[in-house]
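A closer look at the structure
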Amino acid sequence: MTSPSGAAQPGPANHGPALWGILNVTPDSFSDGGRFEGLDAAVAQAEQLAADGAAVIDVGGESTRPGAEPVPPQLEQQRVLPVVGALVERGIHVSIDTMHASTAAAAVEAGAAIVNDVSGGLADPAMLDTVAALDADYVVMHWRGSSEHWAERSEYAWAPREVVDEVGARLDAARSAGIAHSRLWVDPGLGFAKRPEHNWQVLAHLAELRALGARVLVGASRKRFLGALLPDGAATDERDLLTAALGALIADDVDALRVHDVRSSARALAVQAALAVPRDAITLTGLRARAHHGVFEHERRDGQEFIIDVVARLDLRAAAAGDALDRTVHYGVLAEQVVAAVERDPVDLIETVAERIASVVLEHSPVAEVEVTVHKPQAPITVPFDDVSVTIVRGRA
Ligand code: PMM
């Protein structure tokens, strides 16, 4: 999302996840190492990322790639603080990617709004208390130590469970230190002491991470487990297409994606948003109506009970955010309309009744898709039975 001044603002442009553009100001970062060392080059790159759709620029001064030399906080701050200051001056929303409490504090002092700590507070014992005293969000990533330990620490009985348990414990620690729950993000730490299969398993079970209640950030961009899907020798930036595709596939399960190439990910998210059916729903079950549908004369003459279930899929976020009835569908009105649609002139088939109900529900413009089930528990069936029903799903044309 961009403000009138062109500055990146927090929060997604539409309802999809926000994109965090990566700005590594390190000489040895694996994907863009050395290219953005100069302040002007770093600012230009950040502005491009923001123009491409980044809501946040994640500035890092210490590479976490295997074999990278640890960077003393002072050197890290020399690298990142001028960049953070320059971006904040331009109205850009900045995250600082650091494991050092002193760098976190200095960056927030310079205007950063988010502390992204890949160690989840484990690398620097002062981190949690420091962040608790700052006016900043805090990203808690799943971490099992620095890269020299990854080989022996990449064992999981079931990675999705262990990652959630371990990073959940770090969220607890962050809250105990006084960081407000509303300030917390959680990140599964793809590639950090995880083999490719662990990354994929975790990605397939993001709902469990989400159940921890913090906003979810995922950083898959250009990582080796994606590169493994490409032909040997493929350039690192060829991983951007895979990053974008993955982002679109997990878009419903995350609040933000940390990526190098914002442009390709933004376009993939646009496809996902155009295709997506909202998962929010208003559900009415067991609506009772009396009507004369059926092929038998006694059905037409005597009538019988029909029971209706309706699942109307619509995006309910705007209604919830504004507590606004006019952004949703009044379920009492909907229930009356559904019953009226059933009790109209008789037809032979409950299929036809279901179709009528679907049309009535889709007349409410916020509804994107509807599932209708019509039960006919007193249907003329000669063997003992509980119920017969038809279910149809219809979408907005
Ligand atoms: N990955 C890297 C660095 N920082 N921060 C978060 N929150 N999540 C990540 O997955 C993550 C991170 C390593 O990748 P890079 O060298 O491309 O920045």
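The sections below set out a description of the structure shown in this document. (Residues numbered from 1 in each chain as written. Predicted model: local features only at pLDDT ≥ 70, side-chain atom pairs only at ≥ 80, totals over all residues. Heavy atoms only, no water.)

Notes on the nonpolar core
Proteins that are soluble and globular tend to have nonpolar side chains buried together. Formed by 68 residues in total, the largest nonpolar core has its most connected members in Leu23, Ile57, Val59, Leu87, Val115, Tyr138 and Val218. Top contributing element to this core by residue count: helix α6 (residues 159–176), with 6 residues. Ignoring sequence-local partners within four residues, the contact set of Leu87 consists of Leu23, Val43, Ala46, Ile57, Val59, Ile92 and Val94. In this structure, Leu314, Leu334, Ile350 and Ile357 belong to the second largest nonpolar core, which totals 32 residues. (Core = buried A, V, L, I, M, F, W, Y, C linked by side-chain atoms within 4.5 Å. Buried < 20%, exposed > 50% of the residue type's maximum accessible area, 1.4 Å probe, protein only. Helix = DSSP H or I, 4+ residues; strand = E, 2+ residues; numbered from the N terminus. Contact = heavy atoms within 4.5 Å.)

Concerning the packing of helix α1 (residues 39–52) against helix α11 (residues 262–275)
Between α1 and α11, the least distance of the axes is 8 Å, while the angle of their chain directions is 10°. Of the possible angle classes, the one that applies to α1 and α11 is roughly parallel. Touching Gln48, Leu49 and Asp52 of α1 are Val262, Arg263 and Ala266, all from α11. Tallied by class, the residues present in the contact of α1 with α11 amount to 3 nonpolar, 1 polar and 2 charged. (Axes fitted to C-alpha atoms, helices over the stretch in contact; angles between N-to-C directions. Parallel < 35°, antiparallel > 145°, perpendicular 65-115°, else oblique. Nonpolar A, V, L, I, M, F, W, Y, C, P; charged D, E, K, R; others polar.)

Focus on the sheet that holds strand β1 (residues 18–24)
In space, the 8 strands of this closed barrel follow the order β1-β2-β3-β4-β5-β6-β7-β8, with parallel pairing throughout. The average undirected angle you get between the axes of adjacent strands in this sheet is 25°. As paired elements, strand β5 (residues 137–141) and strand β6 (residues 184–187) share 4 bridges and run parallel to each other. Within the sheet, the bridge partner assigned to Tyr138 lies in β6 and is Leu184. (Pairing = 2+ DSSP bridges.)

Re the environment of Val388
One can find Val388 in the loop between β11 (369–375) and β12 (389–395). Judged by its relative accessible area of 28%, Val388 is partly exposed. Other than its neighbours up to four places away in sequence, Val388 contacts Val374, His375, Lys376, Ala379 and Ile381.

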